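The chain contents come next:
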Amino acid sequence: FERIMSPGGEASAMPVHCMAVIVWGLAVMKHPAPELFRAVAELAVTRIDDFQAFEFCQLLWAFAKSGIEAYALFRAAARRLKSRRDGDMKGLCLSMLAWSFSM
């Protein structure tokens with residue numbers, strides 16, 4: 001696990017949509033995996049601009065739903081949101097983000 005999830009490890013090549021789907025699935029199943037969530041958060045911070053809008057929202061929702069603290073991830077997300085253009089995200093994404101940041 002440590003070798004795979006370490007910076008520069010095999011997971012650093014993981015497509016960002018996979019990161020979002022993995023943590024979303026764990027959050028939906030209410031399966032606690034704090035080490036995995038923390039590792040994904042570290043990787044996601046460095047690649048925050050690579051996420052498509054829905055993947056980005058799904059990722060943040062999963063962290064909020066799971067209750068795993070990821071301050072650096074949410075700070076990076078806030079920076080990304082400040083630079084977004086009108087129309088970048090649909091209503092569903094915006095509502096997911098509002099809920100995620102409120103938790």
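Residues numbered from 1 in each chain as written. Predicted model: local features only at pLDDT ≥ 70, side-chain atom pairs only at ≥ 80, totals over all residues. Heavy atoms only, no water.

Trainee: Looking at this structure, I do not really get the nonpolar core. What am I missing?
Mentor: As a rule of thumb, soluble globular proteins bury nonpolar side chains together. Counting 33 residues, the largest nonpolar core has Met19, Phe37, Phe51, Phe56, Leu59, Phe63 and Leu73 as its most contacted members. Counting residues per element, the ones that place at least two in this core are helix H2 (16–28), helix H3 (34–46), helix H4 (53–66), helix H5 (71–82) and helix H6 (91–102). Among the elements that line this core, the one with the most residues is H4, at eight residues. (Core = buried A, V, L, I, M, F, W, Y, C linked by side-chain atoms within 4.5 Å. Buried < 20%, exposed > 50% of the residue type's maximum accessible area, 1.4 Å probe, protein only. Helix = DSSP H or I, 4+ residues; strand = E, 2+ residues; numbered from the N terminus.)

Trainee: Explanation requested: H6 in the structure shown.
Mentor: Residues lying three or four places apart along an α-helix face the same way, a consequence of the helix completing one turn every 3.6 residues. For H6, with twelve residues, the first-to-last C-alpha span of 16 Å sits near the 16 Å given by 1.5 Å per residue. Taken residue by residue, H6 has Cys93, Met96, Leu97 and Ser100 as its buried positions. Taken around the axis of H6, the buried residues stretch over an arc of 100°, which confines them to a single face. Counted as exposed and oriented over 90 degrees from the buried face of H6: Gly91 and Ser102. Looking at the buried positions of H6, the neighbouring elements they touch are H4 and H5. (Expected span 1.5 Å × (residues − 1). Arc of directions from axis to C-beta. Contact = heavy atoms within 4.5 Å.)

Structural measurements only, silent on function.
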